[in-house]
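Coordinates in review
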Amino acid sequence: MTKTTSAPAPVLGTRALNRATLERQLLLRRSPSTAAAAVRHLVGLQAQNVKPPYYALAARLDGFTPEALSELMADREVVRIVTLRSTIHTHTADDCLTLRPLVQPARDRELAAFRTGLTGVDLDRLAALVRELVEDEPRTMAQLRAALGAEWPDADPQSLAVAARCRLPLVQVTPRGLWGRSGQVALTTAEHWLGRPAGPAPEPETVVLRYLAVFGPASVKDMQTWAGLTRLREAFERLRSRLVTFRAEDGTELFDLPDAPRPDPDTPAPPRFLPEFDNLLLSHADRTRIVPPAHRGRHWQGNQAYRTLLVDGFLAGVWKLDGQALVVEPFDPLTRRARGEVVEEAGRMLAVMHPGTSYDIRFGTVRA
């Protein structure tokens, strides 16, 4: 009797992974999608600062205006909340109320690191007190530290603030986050702000499918990096019969949705100007599909992330607005054609994000 063996999984090279991810990230070609649909499709936008979600959508959507996202935030259809990787994200209201319960185990682990500063603190009582305070009226972190410090004077103030953020789903209320507006960070609970209770955490398999639709093909470790969660292997295994598998060039097993787009590796990828902290660069354990090994770490300095430039689909430099100039600092010399395409894309981005304002577009010294 002849023993049959299954064929080895096809290998996907770096450019194939790059083009598949760009297509799903709406960066290979701009989408006519609405801002609300895009935020949902992308499973949120990382948003330590106010402006990055706006620039992220400007790079991805045809016809986007900053007011489109700002109005969603003002109408409480999207919110700013700590979720994935313990970082602030802009999520739809529905995702806010379900993804936060999903990542709660990670928030519990995070809180454990502050236990020495919380000696003698009843965390259930702390959560109840914070809920009462912020649902009475939105509070700043300084106000919460003062109130909690009066209750537990021997505890570490910063640890008390972290406990509040970890135990409760606290959203940043407007005007914080609105385009062209300023406002300090003030917090209330997601349930209070949105006027409805949090839903149950989705099944991990549901989130695996959403992740692959936006970041796939991907490994288990890739998704764990994106979510800030562990032990997701079982969810992938339960889905295995519904997924297709590939291998990266280093042999890592990659999972994907059968019908997800996987464009030809030679598909043209126009330049894109991305904000700091864009999830495209943060959501895989192996980031070489976007970040060439030679450029690893060049878009960071300490805790500071720079706005990034993609050329031919890969990280190729950083950019900044300096007075009335947009300055591009490439990592390597660009060809004349690439420079022309970068200038054209810069002009388009500026027209969307800063209409009526004249900016010079210039190239700085190739960044070491």
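This text goes with the structure placed above it.
Presented here is an overview of the structure given in this document. (Residues numbered from 1 in each chain as written. Predicted model: local features only at pLDDT ≥ 70, side-chain atom pairs only at ≥ 80, totals over all residues. Heavy atoms only, no water.)

Below, the discussion takes up the overall build of the chain. On a plain count of helices and strands, the chain comes out with 14 helices and 15 strands. Compactness check: the chain gives a C-alpha radius of gyration of 22 Å against a globular reference of 21 Å for 368 residues, within 12% of the reference. A principal-axis box enclosing the C-alpha atoms of the chain has dimensions of 75 × 60 × 35 Å. When the 368 residues of the chain are sorted by exposure, 53% land in the buried category. Relative to all contacts within the chain whose residues are 6 or more apart in sequence, the contacts with residues 24 or more apart total 67%. Surface exposure of the chain reaches about 17,000 Å², of which carbon and sulfur atoms provide 51%. Counting 47 positive and 43 negative side-chain charges, the chain places the averaged centre of each group 4 Å from the other. (Helix = DSSP H or I, 4+ residues; strand = E, 2+ residues; numbered from the N terminus. Rg over C-alpha atoms; globule rule 2.2 N^0.38 Å. Buried < 20%, exposed > 50% of the residue type's maximum accessible area, 1.4 Å probe, protein only. Contact = heavy atoms within 4.5 Å. Areas by Shrake-Rupley, 256 points an atom, 1.4 Å probe, with all protein chains shown as cover. Lys, Arg positive; Asp, Glu negative; His and termini not counted. Charge placed at Lys NZ, Arg CZ, Asp CG, Glu CD.)

Attention shifts here to the pattern of salt bridges. When their charged atoms lie close together, side chains carrying opposite charge are able to pair. On inspection of all chains with the given rule, the structure shows 28 salt bridges. The salt bridge involving Glu237 is made with Arg240; its shortest N-O contact spans 2.9 Å. For Glu237, a relative accessible area of 35% puts it in the partly exposed group. Members of the salt-bridge network, linked through shared partners, are Arg30, Arg272, Glu345 and Arg348. (Salt bridge = Lys/Arg side-chain N within 4 Å of Asp/Glu carboxyl O.)

It is worth spelling out the packing of helix α6 (residues 104–112) against helix α9 (residues 157–167) at this point. The interhelical angle for the contact between α6 and α9, taken along N-to-C directions, is 165 degrees, at an axis separation of 9 Å. When the axis of α6 is compared with that of α9, the two are roughly antiparallel. Considering only the axes of α6 and α9, their crossing is left-handed. The segment α6 lies against α9, with Gln104, Arg107, Glu110 and Leu111 engaging Val162, Ala163, Arg165, Cys166 and Arg167. Residue classes in the contact of α6 with α9 are distributed as four nonpolar, one polar and four charged. (Axes fitted to C-alpha atoms, helices over the stretch in contact; angles between N-to-C directions. Parallel < 35°, antiparallel > 145°, perpendicular 65-115°, else oblique. Left-handed = near helix turned anticlockwise from the far one by under 90°. Nonpolar A, V, L, I, M, F, W, Y, C, P; charged D, E, K, R; others polar.)

Attention shifts here to the state of the cysteines. Inspection of every chain in the model, using the stated rule, returns zero disulfides. The structure places no disulfide on Cys166, whose sulfur is separated from the nearest cysteine sulfur, that of Cys96, by 15 Å. (Disulfide = S-S within 2.5 Å.)

A cluster of acidic residues, Glu67, Glu71, Asp75 and Glu77, forms a negative patch at the surface. Relative to the helices and strands, Glu77 resides in the loop between α4 (66–74) and β3 (78–82). (Patch = residues over 30% accessible without salt bridge, like charges linked within 9 Å, V, L, I, M, F, W, Y side chains within 5 Å.)

The next subject is unusual backbone geometry. Here the amide bond leading from Thr174 into Pro175 is cis, since omega sits at 20 degrees, within 30 degrees of zero. Its place among the elements puts Pro175 in the loop between β5 (170–172) and β6 (187–189). Backbone torsion omega between Gly216 and Pro217 reads -10 degrees, so that peptide bond is classified as cis. Phi angles above zero are rare outside glycine, and Arg231 is one such case at about 60 degrees. Here Arg231 shows up in the loop between α12 (220–227) and α13 (233–239).

Quick look at the sheet that holds β5 now. Read from one edge to the other, the open sheet built from five strands follows the order β2-β4-β3-β5-β6, with strand pairing classed as antiparallel. Sheet topology places β2 (45–46) and β6 at the edges, where each strand pairs with a single neighbour. As judged from the three bridges shared by β5 and β6, these two strands associate in the antiparallel manner. Note that in β6 the partner of Leu170 across the bridge is Thr189. (Pairing = 2+ DSSP bridges.)

Moving on, we come to helix α7 (residues 123–136). For α7, spanning 14 residues, the distance from its first C-alpha to its last is 20 Å, which sits close to the expected 20 Å at 1.5 Å a residue. What α7 keeps buried is the set Leu126, Ala127, Val130, Leu133 and Val134. Looking straight down α7, one finds its buried side chains confined to an arc of 130 degrees; they lie on one side. Every exposed residue of α7 that faces more than 90 degrees away from the buried side is listed here: Asp124, Glu132 and Asp136. Backbone nitrogen of Asp124 and a side-chain oxygen of the N-cap are separated by 3.0 Å at the start of α7; the cap is Asp122. (Expected span 1.5 Å × (residues − 1). Arc of directions from axis to C-beta. Polar contact = N/O pair within 3.5 Å; in protein donor to acceptor, adjacent residues only side chain to side chain.)

Moving on, we come to the environment of Arg125. For Arg125, the location among the structural elements is in helix α7. Taking relative accessible area as the criterion, Arg125 reaches 43% and is therefore assigned partly exposed. Once residues within four sequence positions are removed from consideration, Arg125 is found in contact with Glu151 and Trp152.

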